[in-house]
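Each chain, written out:
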Amino acid sequence: MHIRLAILLIITVGLLTAGSTVVLPPRRSVAAIATLVGDYLATHPTVKRVLRSNQISATLISCGADAGSPTDLSADFGGGFSGHLIRTRDATYFQMPIGSEVAPGKSFDKVTHYHEPYNLLGVGTLAVMATNLINGHRAHALLIKTGRLTAAGVEGGTGHPTIHYTVHIDVRRAVERLNLPAYVAYTNPAPLDRRTEEEYAKVRAGDPAAQTRLRARIAGDLGPSADYQLWVDLSGRPIRYVLSAKTRSEMTFSDWGTCAVIAPPSERVREPKG
C-alpha cells in the first residue's frame, strides 16, 4: 500500500509539473504526519490560525513563542459566550462579548489593576478555553499516530500545489493506546470545575476506573472512526487540516512569518480607574 501511494504521488507530481522543476518533501510516515503541525509551529510561531468546529470558532494571531509575545485571540463558543483579547508588548485589551461596547463608543477595556473582577475572570476563561481549542493539534497527534495512511496526492495544479494526506483512525484502537495524562494536559490543562480536576488527578495517578471512564468518554465523543486530512505546501508548511469524527474540526494557517498584532484605536478603549 505505501509503495503504491508513493508511486502514485510521484506520477501525479510529474503530470502536474511537466516542464518545471519541483522538489518534493520527503515521503512521510503516519507518525511524521501526526506531529507535522506541532513540529512546524515550534520553529515558526508567527502565524494566523483559524479554527472552526460545529458552532465554535476561534482565531489566534501569534507573533512569537515566548510568554510575552503579542497575540490577538478571538473566540465564539456559542450560547452567548464570546470574547476578544489583544495583547501587545505594552498593554492588554479585552472585549466580551465580541462586538459589544463596554461603554458608549468604547469597544475594549484596557486590562489594569483596577479592572472589574468579572472581566478578569472572563479574560482567564477565554484564554484557557480558546487556547485549548487552538492547540488541539497536540491531542490529535496522539490519536493520529496509531492510524493508517490511506491516501497521498498533489492538489492545486502548477500554481500553488499542496500535498494532501489522509489518515484513517480506528478510534477504539487509538483510545486503547492513548497516553491519557498527555491527552488531558493538551485538551484541558486547567479544568474550570473541581469535579473534573479531581477526576483528572485520578487519571494521572493511574487509577484504573478513572482511566476507563475517560477512555469511554473520549471514544463516545469521537465515534467509531475518524479521518484526518492534512494539506502542506511543497516546503512542508501546514496549510490546513480537518479531523472528521462525530464532530468536524478544521484549522487553517496563513500569514506565516508576516502576521502582526495591532492594538485597538485609543478612542475605542476604556481604561477603568480605581
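Computed from a predicted model, the values in this text were never measured in an experiment.

What counts, and where the lines are drawn
In this convention, every chain numbers its residues from 1, walking through the sequence in written order. Where totals are concerned, whole chains, interfaces and linings use all residues; where local detail is concerned, this predicted model gives features only for residues with pLDDT of at least 70, and gives and counts side-chain atom pairs only at 80 or more. The basis for every side-chain value is the complete set of heavy atoms in the structure, and neither hydrogens nor water enter the calculation. Here a helix means four or more residues in a row that DSSP labels H or I, a strand means two or more in a row labelled E, and each is numbered from the N terminus. Axis geometry follows a simple rule: fit a line to the C-alpha atoms, using only the stretch in contact for helices, then measure angles between N-to-C directions, giving values from 0 to 180 degrees. Angles are sorted into four bins: roughly parallel if under 35 degrees, roughly antiparallel if over 145, roughly perpendicular if 65 to 115, and oblique for all others. In this scheme the handedness of a crossing depends on how the near helix is turned from the far one: anticlockwise by less than a right angle means left-handed, clockwise means right-handed. In what follows, a contact means two residues having at least one pair of non-hydrogen atoms within 4.5 Å. Residues are grouped as follows: nonpolar covers Ala, Val, Leu, Ile, Met, Phe, Trp, Tyr, Cys and Pro; charged covers Asp, Glu, Lys and Arg; every other residue, Gly included, is treated as polar. By this rule, a helix spans an expected 1.5 Å times one less than how many residues it contains. Here's how the labels work: a residue is buried when its accessible area is under 20% of the maximum for its type, exposed when over 50%, partly exposed in between, all with a 1.4 Å probe on protein chains only. Here the arc refers to the directions that run from the helix axis out to each C-beta atom.

Peer 1: If you had to explain unusual backbone geometry to someone new, which residues and values would you point to?
Peer 2: For the peptide bond that leads from methionine 96 to proline 97, omega is -5 degrees, which places it in the cis range. The topology assignment puts proline 97 in the loop between strand 5 (92-95) and strand 6 (108-110). Unlike most non-glycine residues, asparagine 54 shows phi in positive territory, near 55 degrees. Position of asparagine 54 relative to the elements: it lies in the loop between strand 1 (47-53) and strand 2 (56-62).

Peer 1: Let's hear about the packing of helix 6 (residues 180-187) against helix 8 (residues 208-222): which residues, and what values?
Peer 2: The contact between helix 6 and helix 8 brings their axes to 11 Å, and the two run at 55 degrees. Between helix 6 and helix 8, the crossing angle belongs to the class labelled oblique. By crossing handedness, the relation of helix 6 to helix 8 is classed as left-handed. Taken together, the residues of helix 8 that come into contact with helix 6 (itself represented by Leu180, Tyr183 and Val184) are Gln211, Leu214, Arg215 and Ile218. Classifying every residue of the contact of helix 6 with helix 8 gives five nonpolar, one polar and one charged.

Peer 1: Mind laying out helix 8, listing which residues take part and the relevant values?
Peer 2: Along its 15 residues, helix 8 runs 21 Å from first to last C-alpha, staying within 8% of the 21 Å computed at 1.5 Å per residue. Along helix 8, the positions that sit buried rather than exposed are Ala210, Gln211, Leu214, Ile218 and Leu222. One side of helix 8 holds all its buried residues, which, seen down the axis, span an arc of 95 degrees. Of the exposed residues in helix 8, those oriented more than 90 degrees away from the buried face are Pro208 and Thr212. For helix 8, the elements touching its buried residues are helix 4 (136-144), helix 5 (171-176), helix 6, helix 7 (194-204) and strand 9 (225-233). Phi turns positive, to about 90 degrees, at glycine 223, one or two residues after helix 8.

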